[in-house]
Amino acid sequence: MNKLDNKIVTTKNNVGNEFEKNNGTGKDNRYLYLRSVAKIECGQNEGTAVCVHTSDAVGGHLFLTCAHVVDYTIQSVILRYDGRAIKGRVIYVNRKAVPYDIAVIVAEQTKQTTDILPCQISDKTPATGQKMFSVGFACREYVPSTVFGHMHRMIYSILTTTCNVSAGFSGGPVFSIDRKLLGLTVGKLNTGTFHFVLPSTEFVETINKYIITNNIEILNDLESKCPLKTVLWNNGIPTFEVCHI
């Protein structure tokens, strides 16, 4: 039996029950989203990555994670999926002082990656109160966890949610109930449970252009050119102190 089939999903406020109703009756279908998520290891850093595309044109499986997970560096990483260690390479990463803390990774297609499925990136901004869930690998864990919550508000192109994530979730996906990628976990409050997410609307167009053209220069558009966003990013979002996880 595939190890991912054994995953027990923790639900809050009956959101998990609604999720199951919207995804058919089969056990595999309910947890199919787990097949796009991998643990990432980069030196001493641990985080989570999500597959958004797979094809020979882009060199294999295309994953997204946070730049801070890979130390803002173009380098080789290890992706762990269903007990397997898969070699990956960072092909693009944001600079440390520039929004939006995103990195792009390619893992070659091999027998170890045939059952990894890409997720669909949403091009819609979620509404306040919309139900969603975050997936990630808590530090020193090799089985993904799923945490349910809802959209709180948007602050300067960063989403806040009530998903109570833990260390190791950085770079991991936040999904809508219909399993579309709404964004990537960036961090959480130093105290409290609020969870900060880079929304998919900030990167979906660039990623789709790269997939179509295979032109790596396009990925430079993942860096925000907005001076105000850069100031806010480097000095903390007003009224909040965000820590990377």
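This is a predicted model, so every value here is computed, not measured.

What counts as what
Residues numbered from 1 in each chain as written. Predicted model: local features only at pLDDT ≥ 70, side-chain atom pairs only at ≥ 80, totals over all residues. Heavy atoms only, no water. Helix = DSSP H or I, 4+ residues; strand = E, 2+ residues; numbered from the N terminus. Buried < 20%, exposed > 50% of the residue type's maximum accessible area, 1.4 Å probe, protein only. Contact = heavy atoms within 4.5 Å. Polar contact = N/O pair within 3.5 Å; in protein donor to acceptor, adjacent residues only side chain to side chain. Pairing = 2+ DSSP bridges. Axes fitted to C-alpha atoms, helices over the stretch in contact; angles between N-to-C directions. pLDDT = per-residue confidence, 0-100.

A look at the environment of Gln109
By the secondary structure assignment, Gln109 is in the loop between strand S6 (103-107) and strand S7 (120-121). When its relative accessible area of 38% is taken as the criterion, Gln109 is described as partly exposed. Along the backbone, Gln109 and Ile86 are 23 residues apart, and their C-alpha atoms lie at a distance of 9.6 Å. The residues contacting Gln109, other than those within four sequence positions of it, are Thr54, Ser55, Asp56, Gly59, Gly60 and His61. Among the polar contacts listed, one links the side chain of Gln109 to the side chain of Thr54, at a separation of 2.7 Å.

A closer look at the sheet that holds strand S1 (residues 37-42)
In space, the six strands of this closed barrel follow the order S1-S2-S3-S6-S5-S4, with antiparallel pairing throughout. Taking each pair of neighbouring strands and ignoring which way they run, the sheet shows an average axis angle of 40 degrees. Bridge count for strand S5 (residues 84-93) against S6 is five bridges, and the pairing is antiparallel. Among the inter-strand pairings, Val93 is bridged to a residue of S6, identified as Ala103.

A look at the confidence of the model for the protein chain
With 82% of its residues at a pLDDT of at least 70, the protein chain reaches an overall mean of 84. Counting contacts from residues 1-27, a segment whose pLDDT is below 50, to residues more than four positions away or on other chains yields 50 contacts.

Description of the side chain of Asn94
By the element assignment, Asn94 lies in the loop between S5 and S6. At 2.7 Å, the side chain of Asn94 and the side chain of Tyr92 are in polar contact. Here Asp101 takes part through its backbone nitrogen, which lies 2.9 Å from a polar atom of the side chain of Asn94. Beyond its immediate chain neighbours, meaning those up to four positions away, Asn94 contacts Ala67, Tyr72, Pro99, Tyr100, Asp101, Ile102, Leu222 and Glu223.

Some points on the environment of Leu64
Mapped onto the elements, Leu64 comes out in strand S3 (residues 60-65). With 27 residues separating them in the primary sequence, Leu64 and Val37 have C-alpha atoms 9.8 Å apart.

Structural notes on the pairing of strand S12 (residues 180-189)
Counted residue by residue, S12 has nine buried out of 10 residues, so it is predominantly covered. Of the pairings in the sheet, the one linking S7 to S12 comprises two bridges and is parallel in character. Each bridged residue has a counterpart across the sheet, and for Ile121 the counterpart in S12 is Leu181. For strand S11 (residues 173-176) and S12, the ladder comprises three bridges, and the chain directions are antiparallel. The partner of Val174 across the bridge, within S12, is Gly183.

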